[in-house]
Each structure stands twice: as C-alpha cells, then as structure tokens.
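If you want the building blocks of each chain, they are given just below.
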Amino acid sequence: MLSPTPPSTNPNLRQSRTDSPLNSHRTINDTPPLRSSIVQRQRARSSSYEPQTLEGAKQTLDNLHSRAEEFSNMLDLLMQIGKGATLRDAEASIMSASCDILNAERSDIFVWDPDYEVLRSRTRMGRQKYDDEQMEIHPEVVVEPERDNLIGYVFHTAEIVCVPERRIDDEHEWDLDFLQTTDEETGKKTDIFGFIAAPVISSDDTVQGVIMVFNKTQPKEIFSDYDLFSIEQISRFASNAFKAWESIHAAQNAKQRMETLVGMIKHISNETDTNMVIDKMFQMSRSILNAEGITLFELIRSQDSKIAEGQLRISKSTVGDAIGMTFSISEGIAGHVARTGEVLNIKDPYSDPRFNSTADKENGFHTRSLLCVPVFQQGMVVAVIQAVNKRTGKFFNDDDTHLLQYLSESTGISLAQAALFHQVIRDRRQAQVDKIFIQVLSKRCSTHKFIMNVMKAAQLLLEMERFSLYLVDHHHREVWVTVEEENIICVPLGVGIAGHVAETGDVLNIPDAYEFPKFQRDIDLKTGFRTKSVLCIPVLSSGVDKTIIGVVQGINRLNNRGDIIPFNEGDMKLMQQFGTQLSVVMRQMMMEASITKMSVDRKSAMERKSSSAVPVFSLAREYRTELDTETKYNNQHSIGWVLPDEIQNEESGVKLVKSSDWDLDVLAMTPNEMENTFEVSLEQFNLLENHKIESKTVQTFIGRVRETYLENPYHNFHHAFHVFHSVHCILRSKSIGFLNSCQVLSVLIAAICHDIDHPGNNNAYEKETHSELAIRYSDDSILERHHCAVAFKVLNEEESNLLGNLSREEFSQCRKIIIQSILATDMSRHADLSRSLALLPDDVFETMDKDSSSHLFNTFFSAILHTGDLSGQALPLRQALKWGERVINEFTTQANNEAARGIPVAPFMANLDNLHRAANVQKGYIDFILKPWWIQFIRFFPDNPDLIKSLEYVDDVKAFYVSASEPAEKKKSEAKFVKGVLKDVEENPELEEEKEMKSG
C-alpha cells in the first residue's frame, strides 16, 4: 500500500534535490502573507542570540539550555517513531510525536495508496502520549490528490503549509472538507484555529503522505518557526519508518505469494488430465489476482496449424453466458496476445485501439484495467488467460503480471506432460482395441456378441457413460441394435440423433442433447437417464461407394473426476479413427448381421420396438468406465455373507431396467446418474412445468443435497436416492386417488432430504453424548429435526430453491408436508404410525380426494416416506444384502464409539462382527418391524405389482438370514438328526403310524 510510485510516474516527483521540498514552506498569517525559508529564519534567530551584557548572556545561556532540553525530548520522541510492527503502529507513533513535540491538540496522517492513487486516513490522535485508548480509528477518509484541496496541494507541491492563526478574511481559504468528513464519522466537531500540513518524502524524492497538526494546546498560542523546524524532523523520521515498514511488508508479501504460487504449481503439476490442468489454472488465477473477471480463451488452430486463421473459444469464464463463444484471433486484446505471445498489462483499455468494447456495451460493464497472458505448450500458444478490473487497486501491478506468467508457464509444462501421458494411455488402449478386433476377425460370433465387443472396445478408448453401435438397414430405412440375442430395437432414419446421422452422414458433436431439436427425451423420461454431451459419427463401408453401414454414438463424456463434459476435437478424431477400423471388421460381420435382422423381421409375433434411442440401463452396463460404487464398497467393507449358489450363478446378461422399476439397483448407479434421474423423475410428474422450475435450479438443488450428505456406510446419498426412488414408485400407483402437484413435489423433496447431513449414528447416541444437536432440539427427534433444518437451508438459497415460484399458501403447505414426513421417519414414532394405519379401511387412499382431511393426507405422506425408508430389505437378495452390510457396519462404528466413551452399547448393536449375530439382528428386524409393516401397508395398494413382489423379496431375505444366523456345526447336527429319523422311519413303518396317531 505504501510503495512509492516510480520517479517517472509519481505526480509529485521533485526533479532537483537542490530545491529540496523540506526547505520550502508556505506560511500564511493574517496580514500580510509571509513566505520565508528556514535559512532566513535561522539567520534571524542567530542574530538575536548575540549577548550584549552579562545578564543578557545568562539569559541566552538559559535559553540554550532550554532549547537543548527541548531537542533532547524531541529526539526521544522521534526515536519512538516506527518501532511498531504494523502500519497502524507507525501511523500512531508519528501522530503521537507530532502532538507532543508541537504541543498540538490533534494530528492526522494521510498515506499514499499507489494501487488506487488516492490518499487515505484511518486514524486521528489526541494530545496525550501514544495509548490505544487515545487513538481514534474511524472509517477511511479518502482524499483525491487534487491541487484545489489542502492535502492535494501539499502532496503535489511538497511544500509545508502553515496557517498560524486561521481567520475568515484570510487571503486563501483552504478546502478542509476532509475534516468535516472525519467529524461526521466520529461524531465530534473540530474547531480549527491554526494548522500545519507537511509532506512525508522518501529518499528518492517521492511523496509518501501528508502529516497535519491542528491547534496549539495553550490559548492564544500560535504555531512558530520552531514548530516548522520540528515538523520537518518528524517528516524525515516518518519517511524512514514508512520505508522500513514497506520493506518488511514487501518481504512478507513476496514470501506469502511465492509460497502460494509454489503450492499452486505443485497442485497443477500432479494433474494428468488436460481439462483439469486448465480448470485448476483458471481457479488459481481467480485466487491470486483478486480480479472482477477472469476469462480463459482456448486457441483453435486451422487444419494446417496456421495461427492467423485460427479462432479463440471461451472455455472458462466468470461470466457463464460467455462460455463456448468463439471469435477470430485477429480481434481484441486476447487475439493480439494469442498471435504475438506478448504479455499485456493495460491500465486504460478504452484508449488502446486493440480493445473491443462491444462486450462491455452489451453487458453494461466497464473495463478499467486488463491483464492478458499467453499459455505456451512446446513453444506454441495454446491458450490465453485474461483478467479485468483488479478489486484491490486501480491497476494490475508487476507482481500480478509475474505471478500470472509463472502460473501460465507451469500450466504449459503440465499440459505437455498431460498430453504425453494421455498419448501413452491411448496407445495402450489402442493396442487393446486392436486385440479385440483381431479376436472378432479370428472367430465367428453372433451379432449381439459382436456389438458387445465393439462397445467394450469403444469404452477402452474414451471415458464415457454410454456407447452404442447402430447398424443401418437401408431396405427398411432404419437403424437397429441388438438388446439380446433375439431382441432388437429399431429407429427410423431421420429420427433422433442416430437416425439423423445415418440419413445425412453428418458428424454431430452436441454439448447438450436437450438443446438439439431432433433429440427426443422420451427414453430419458422412461429410464431416468439424463443425456448431456453426445458424439455421433457415421461408419462408412470400405468400398468405393462409401455407403453408411453403421453409426457409433458416445454419450456423456467424463473427466477424471467423473463429471460430464463435452466431447472435444481430439475425441472426434479418435472416434473417426475407431469408425475406420470398425468398418473393416464390420465387412466380415455384415452377412451375419443381415441374417439376424431378416430372422427378426420374419417373426410377425414379435412386437417391434420403435424408439428414438437405446434404453440406457440396458446397454453398456457391464462396461462402466468407473468401478461400480457397490464394488468399491464391498471390496473394503464386506462382512463376509456368502450368497446362495443359485444367486451367484445368475447370468450377468443384459437386462432391461427402467428408472420406475422397484428393483432398480441404486448402489450400481453413479452420482451423475442419480442426479439426472432425480430431474427426470420430477419431469414424469410434470412438476417442472407446473411450478416453473428451471432445469438448472433442479441440478443445483440435487448437487447441493448430494454434497451435504456425509460419506457414512448407510446413511449417505445412495440411501437417500433409494428412498426417493421407492417413494416415486409408490406415488405412480393407480391405487392413489387425488394428489395435487404441490403435494407430490413436497413428499419427493422430503424423500431425498430425509437424512441430509446425517452424522452416522442414531438419536440415542446424540442424547447420551449431550451433543450440540441434542441441546438444540431438546432431545426430541433430534436428527429428524436437523434434517428438516438443513433441507430448508438448501431450499432457501436462490440458486437451489425448488419452491421459489410457489404462492405463500402453496409454500406453507409444502413446508408442512416436508417437515411432518421427515419427522415420521423417526423410529420412535413407528408404533404410533402403525396403529394409525391399522384403523384405516383398505380403499382409503384410493378414494382420497381434495376434500379429504389434512390428517388423512399427513398419514399418507408419513406412511409412504416411512415405507421407503424401510425398503432396503424389500429388494432382490443380492441388493438387500448390500444394504444390510452397510447397516451392520454403521451400527458397529457407533458401538465402538460408545464403548470408547463408556456409554452402554444397545443390545442390537453389540458383537455385530459375528456373522451369525449380525444375521440374527437382521432377521429380528424383518420379523418385528419390516414384515408386519409391509403386510399392513400393501393392503392399501392391491394393484401395485412392485409392492406385492417386494413381499416375496422380504421372505427370501429373511430365509437367508435365518440360514446365516445358525452356526454351520448346528446345521450339520440337525441335518444328521433328520437323516437318522428318516432312516428309522424307513426301517420301522410303525413309527410313522405312531407319529400320525399322536399328531391326530
């Protein structure tokens, strides 16, 4: 802040040291104004010191002793200047010395801020010696260095201005508006009788600030020549204090910024993904520059690499609407930097002819300053980073330029490393693809297996969520793909993205499929998938005619973090090369494919499926690019339950699964799939249109919810989504009468938020540990009330408020449903809710209408959310056991924590590391809680096949736990006993007759 401006730019630079500013004073008396130099005053003083008599000599000696004592005191006070550790300490010591040495009532100091080119004052000092209680700190007073005010005049001229006694009829009435400002801030009135204003000048003749002192403390006393001499000495010491503080502050800042930069460079150098390198550079630029706007331009060269014909594309920007925009490299500041590789730090962009102000005019923005730096990779400009309007100053300084240059250089090196790494990975993957194609060519296989092999090969090349290969039937004008050996899906030419590419031969790279007019959302709505980025390329025959024989389509490109990103130019080239390879392999398979298609066409009994896309949960499922969540978890936390042989031996073939199916395997879904399915599920009830909810708001909401769930074994986002999915399935039942749109929205929000921010333990643990939550909610449904509070915290944020367009009455209704439904998941309320359901007739929910009582609606919403919360064991055995393991692991963690704290462990949580004990606990849960509730609940939904089937799942799961709860030795003993009894019966038939008689 105190760094003096360079001599060439300082508005107050004194060009000649012979005309020292401290030897120039402006003294204004009442009549007439007097201007004199200190040399003249010293001569006048020296003439008055010549003694005439002995008595006069004695008086002179006394005066000299007095003056020497004054000098000694002054020196002591001056030596205190600058001993503080901060700028505030330095200012206070200067003002304290000014008041004491000049016997003044008050002192102020204005410090030059080179970043903003203004003078700032934050403190004033009273007459007493330096003491925190005597120093007043007020809001900053900012003075523009204009010559028409006193502070600006002193700053520009470097003269000392002294007004010993201020009168209304003074020749020059100085502008002292800044005093009125400080008086208003502090609530005190300052009466000015006289003042001195002196510059603080550094050794290189630059003005660092202005010191002012006001009013002598003694009545009728005015400022003297000696005061002028004193203020000069104070100014010199103040300059040294500022210089020392500047050096310390500069060293500290340099160290801090260098440490920050080194840490950032290390952070970037560890990345192997080019997109992540660019992303981190963008984030770090925002962090170190503190600018209003940051934009990252990606350079797109022409096919022959001529930079003059290239374009710049905005890949990252603080202005979201600008992302994706392209313009010629011959335009603007960024274009100049991309062409020349220069670094530009422009203080006034509007005066630069290269600056394009169109964007400012369109957005109502004003660019005050601009810093633009190129990013090099192997000697070529690949990107440009541009920062506008520094928040902590008028301009970007040299430190900002150097830091951004260092960062861009490191980014270029990291980009080269990442490119090399990816080339090696792609070469390896290409070798694997070649191996797969060689295997396909070397042995005959069915069309379905061929397509599966192609999908596997494509997934090796690119990280993406889905991949499909469509074959083209020109005779029937359709593209088709196998789902199973004897089952195909057909799409007419021209319909959907794949149909369009098959008809036109265009290559389509679509960042967001929902923005493409030919994309049809029907399949997304049916399956719960959210198609975003799409890359679709035709496969041409290897003959002369280049007929389109197939279409390859990749969906949702993924980066290293699993986030969906658009496909880039490199992906397009790679996919086109893949298509070329594929056409050679397909030439051998075309006869087999034609036979398969003809065979299916002749089966008139088969219901032909016509769709705009392939069902997303049916294809490429076993070729997920990421390790499934369930596999990751089971590899680390499996407790050792062994599935029955018939379950283990089930074929893992392709299975059609929709997002509305009860047995959807949520644990096998990625976070992106769950978030996208959440939006699709809302759309299936038409909630977005009914309540004017934007897709961006839905995605922000579900993203915030997912981030707020903790990584617990059981109570995590996967559990939340499973409960949401179960509630969604129940709400689609035909056995439900009237429900309005607000009610449906409310219970779905309650389902996804019902365990948000769950700590991984139960209410009893919170009570026993006297936790903050237990104190806040007075031991009453502690966690459930916390979930409600956190849910509405997310909903209260404007970007994630799904209820933002509801009326006051609708919002009140939704809030009540959400709170009551979440509170109903407290297991302490299970018995009361069971009794309430037992009193209701079987058709009560089917006959429900808008005039039904609020109590009935509340019971309904509470019941379905509670059912969804219990449904983890009402699934196929394989899924139920995965959920069961998570519950056992979370119970075990709580039991260990309780034991460590000396808290009694609940019996059902004790010794769960014993498999038989764990299975017995799960069996008890099914016997006493789950099955009684399930039997009672499904009587209200007799036409819901999912719920009927789920009861069979409950029985299957219980049977497994019964088997697993008994030690193997006991089972063998019982089996041996039964075998012996059967043998006795065979040998002695009368025993069977006796047994029948006893039973009769």
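Residues numbered from 1 in each chain as written. Predicted model: local features only at pLDDT ≥ 70, side-chain atom pairs only at ≥ 80, totals over all residues. Heavy atoms only, no water.

You'll find the protein entered in an unreviewed UniProt entry as Phosphodiesterase, with Triparma verrucosa given as the organism. One UniProt comment on the protein, placed under Sequence similarities (unreviewed entry), says "Belongs to the cyclic nucleotide phosphodiesterase family." (UniProt positions renumbered as here; feature names shortened; annotations may be inferred.)

**Student:** Sorry if this is basic, but what is going on with the overall build of the protein here?
**Tutor:** A tally of regular secondary structure across the protein gives 32 helices and 20 strands. Here the protein holds 1000 residues, and the buried ones make up 50% of them. Counting contacts in the protein only where the partners sit at least 6 residues apart, residues at least 24 apart contribute 68% of the total. Element-wise, carbon and sulfur atoms account for 50% of the exposed surface of the protein, whose accessible area totals about 48500 Å². (Helix = DSSP H or I, 4+ residues; strand = E, 2+ residues; numbered from the N terminus. Buried < 20%, exposed > 50% of the residue type's maximum accessible area, 1.4 Å probe, protein only. Contact = heavy atoms within 4.5 Å. Areas by Shrake-Rupley, 256 points an atom, 1.4 Å probe, with all protein chains shown as cover.)

**Student:** It is not clear to me how the environment of Ile782 should be interpreted in this structure. Could you clarify?
**Tutor:** Relative to the helices and strands, Ile782 resides in helix H24 (residues 782-795). In this structure, Ile782 is in contact with Asn763, Glu766, Lys767, Leu773, Ala774 and Tyr777, ignoring residues within four places of it in sequence.

**Student:** So what exactly am I meant to see when it comes to the packing of aromatic side chains here?
**Tutor:** Centre-to-centre distance and the angle between the planes together describe a pair of aromatic rings. Under the criterion given, the structure shown has 23 aromatic pairs. Seen from the ring of Tyr514, Arg530 lies directly overhead, with NZ or CZ sitting 3.8 Å from the centre. Lying across the ring of Phe792, Arg815 places its NZ or CZ 4.5 Å from the centre. (Phe/Tyr/Trp six-rings, centres within 6.5 Å; stacked < 30°, edge-to-face > 60°. Lys NZ or Arg CZ within 6 Å of the ring centre and 35° of its normal.)

**Student:** Which parts of the structure should I look at to understand the pairing of strand E14 (residues 464-473)?
**Tutor:** Within a regular strand, the side chains alternate between the two sheet faces. Burial analysis of E14 places 10 of its 10 residues in the buried class, the great majority of the element. Judged from the 7 bridges that link them, E14 and strand E19 (residues 548-558) form a sheet pairing that is antiparallel. Considered in E19, the bridge of Arg466 is made with Ile555. (Pairing = 2+ DSSP bridges.)

**Student:** Mind showing me how you'd approach the environment of Leu525 here?
**Tutor:** With respect to the helices and strands, Leu525 occurs in helix H13 (residues 522-527). Overall, the relative accessible area of 28% leaves Leu525 in the partly exposed class. Sequence separation between Leu525 and Glu679 is 154 residues, and the spatial gap between their C-alpha atoms is 9.3 Å.

**Student:** Hey, could you run me through the UniProt feature "active site" (unreviewed entry) in the protein in this one?
**Tutor:** When the UniProt feature table is mapped onto this chain numbering, "active site" (unreviewed entry) sits at His715. With respect to the element layout, His715 can be found in the loop between helix H19 (695-708) and helix H20 (717-731). On the basis of relative accessibility, which here comes to 18%, the residue His715 falls in the buried class. Once you skip the residues sitting within four places of it in the chain, His715 turns out to touch Tyr709, Leu710, Asp755, His758 and Glu890.

**Student:** I tried to follow the packing of H19 against H24 on my own but got confused; where do I start?
**Tutor:** Working note: a packed helix pair is described by the angle between its axes plus the distance between those axes. Put simply, H19 and H24 touch, their axes get as near as 10 Å, and they point 145 degrees apart. Between H19 and H24 lies a crossing whose hand is right-handed. On the side of H19, the interface is formed by Phe701, Arg704, Val705 and Thr708, while H24 contributes Val790, Val794 and Leu795. Residues that form the contact of H19 with H24 fall into these classes: 5 nonpolar, 1 polar and 1 charged. (Axes fitted to C-alpha atoms, helices over the stretch in contact; angles between N-to-C directions. Left-handed = near helix turned anticlockwise from the far one by under 90°. Nonpolar A, V, L, I, M, F, W, Y, C, P; charged D, E, K, R; others polar.)

**Student:** Honestly, the UniProt feature "binding site: Zn(2+) 2" (unreviewed entry) in the protein in this entry has me stumped. Any pointers?
**Tutor:** Taken from the UniProt record, the annotation "binding site: Zn(2+) 2" (unreviewed entry) applies to Asp755. Turning to its location among the elements, Asp755 is positioned in the loop between helix H21 (741-753) and helix H22 (763-768). Residue Asp755 is classed as buried on the basis of its relative accessible area of 5%. Setting aside residues no more than four positions away along its own chain, Asp755 makes contact with Tyr709, His715, His719, His787 and Asp869.

**Student:** Is there a simple way to think about the nonpolar core in this case?
**Tutor:** If you look at the biggest cluster of nonpolar residues, it comprises 89 residues, and the most contacted ones within it are Phe678, Phe701, Ile752 and Phe845. No other element matches the 10 residues that H21 contributes to this core. Ile752 has contacts with Phe678, Phe701, Ile702, Val705, Tyr709, Phe717, Ala720, Phe721 and Phe724, leaving out every residue within four places of it along the chain. Grouped together as the second largest cluster of nonpolar side chains are 49 residues, Met455, Leu462, Val479 and Phe519 included. (Core = buried A, V, L, I, M, F, W, Y, C linked by side-chain atoms within 4.5 Å.)

**Student:** I'm lost on the side chain of Ser239 in this one. Help?
**Tutor:** Summarising the element assignment, Ser239 is placed in helix H6 (residues 225-269). Sequence-distant contacts of Ser239, defined by excluding residues within four places in its chain, comprise Val200, Ile201, Ser202, Ser203 and Gln208.

**Student:** Could you clarify how one ought to interpret H20 in this entry?
**Tutor:** Because an α-helix completes one turn every 3.6 residues, residues spaced three or four positions apart along the sequence face the same direction. Over its 15 residues, H20 runs 21 Å from end to end, which matches the ideal 21 Å to within 8%, given 1.5 Å per residue. For H20, the buried fraction is high: 15 of the 15 residues fall into the buried class. The N-capping residue of H20, defined by a side-chain oxygen 3.2 Å from the backbone nitrogen of His718, is Asn716. (Expected span 1.5 Å × (residues − 1). Polar contact = N/O pair within 3.5 Å; in protein donor to acceptor, adjacent residues only side chain to side chain.)

**Student:** When you look at a nonpolar patch on the surface in this model, what are you seeing that I'm missing?
**Tutor:** Among the surface-exposed residues, Met258, Val262 and Tyr406 lie close enough to one another that they form a single nonpolar patch of about 260 Å² accessible area. Topologically, Met258 is positioned in helix H6. Met258 gets classed as partly exposed once you look at its relative accessible area, which sits at 41%. (Patch = residues over 30% accessible without salt bridge, like charges linked within 9 Å, V, L, I, M, F, W, Y side chains within 5 Å. Salt bridge = Lys/Arg side-chain N within 4 Å of Asp/Glu carboxyl O.)

**Student:** Help me understand the sheet that holds strand E8 (residues 291-300), please; the structure alone is not making it clear to me.
**Tutor:** Sheet strands line up and pair through hydrogen bonds in the backbone, either parallel or antiparallel. The sheet built from 6 strands is open, its strands ordered E10-E9-E8-E13-E12-E11 with antiparallel pairing. Each edge of the open sheet is held by one strand with a lone partner, namely strand E10 (326-328) and strand E11 (344-346). Across the sheet, the mean angle separating the axes of adjacent strands is 25 degrees when strand polarity is ignored. Pairing of E8 with strand E9 (residues 311-317) involves 6 bridges; the strand directions are antiparallel. When the bridges of E9 are listed, Ile300 appears paired with Gln311.

**Student:** Looking at this structure, I do not really get the state of the cysteines. What am I missing?
**Tutor:** Should the sulfur atoms of two cysteines be covalently bonded, the bond is a disulfide. Evaluated as defined, the whole model comprises 0 disulfides. Cys753 forms no disulfide, and the closest cysteine sulfur to it belongs to Cys788, at a distance of 9.5 Å. (Disulfide = S-S within 2.5 Å.)

**Student:** Hey, could you run me through the pattern of salt bridges in this one?
**Tutor:** Scanning the model with the defined rule gives 22 salt bridges in all. A salt bridge links Arg557 to Asp571, with the nearest nitrogen and oxygen atoms 2.9 Å apart. Taken together, the positions of Arg557 in strand E19 and Asp571 in helix H14 (residues 569-602) put the pair 14 residues apart, joining distant regions of the chain. Taking the relative accessible area as the measure of exposure, Arg557 reaches 11% and is therefore buried. For Asp571, a relative accessible area of 0% gives the class buried. Among the ionic pairs, Asp665 bridges to Lys882, the shortest N-O distance being 3.7 Å. Of this pair, Asp665 sits in the loop between helix H16 (645-648) and helix H17 (671-684) while Lys882 sits in helix H28 (residues 877-901), and the two are 217 residues apart along the sequence. For Lys882, a relative accessible area of 8% corresponds to the buried category.

**Student:** Teacher, can you tell me more about the environment of Ser351 here?
**Tutor:** Topologically, Ser351 is positioned in the loop between E11 and helix H9 (358-363). Polar side-chain contacts of Ser351 include one of 2.7 Å to the backbone oxygen of Asp348.

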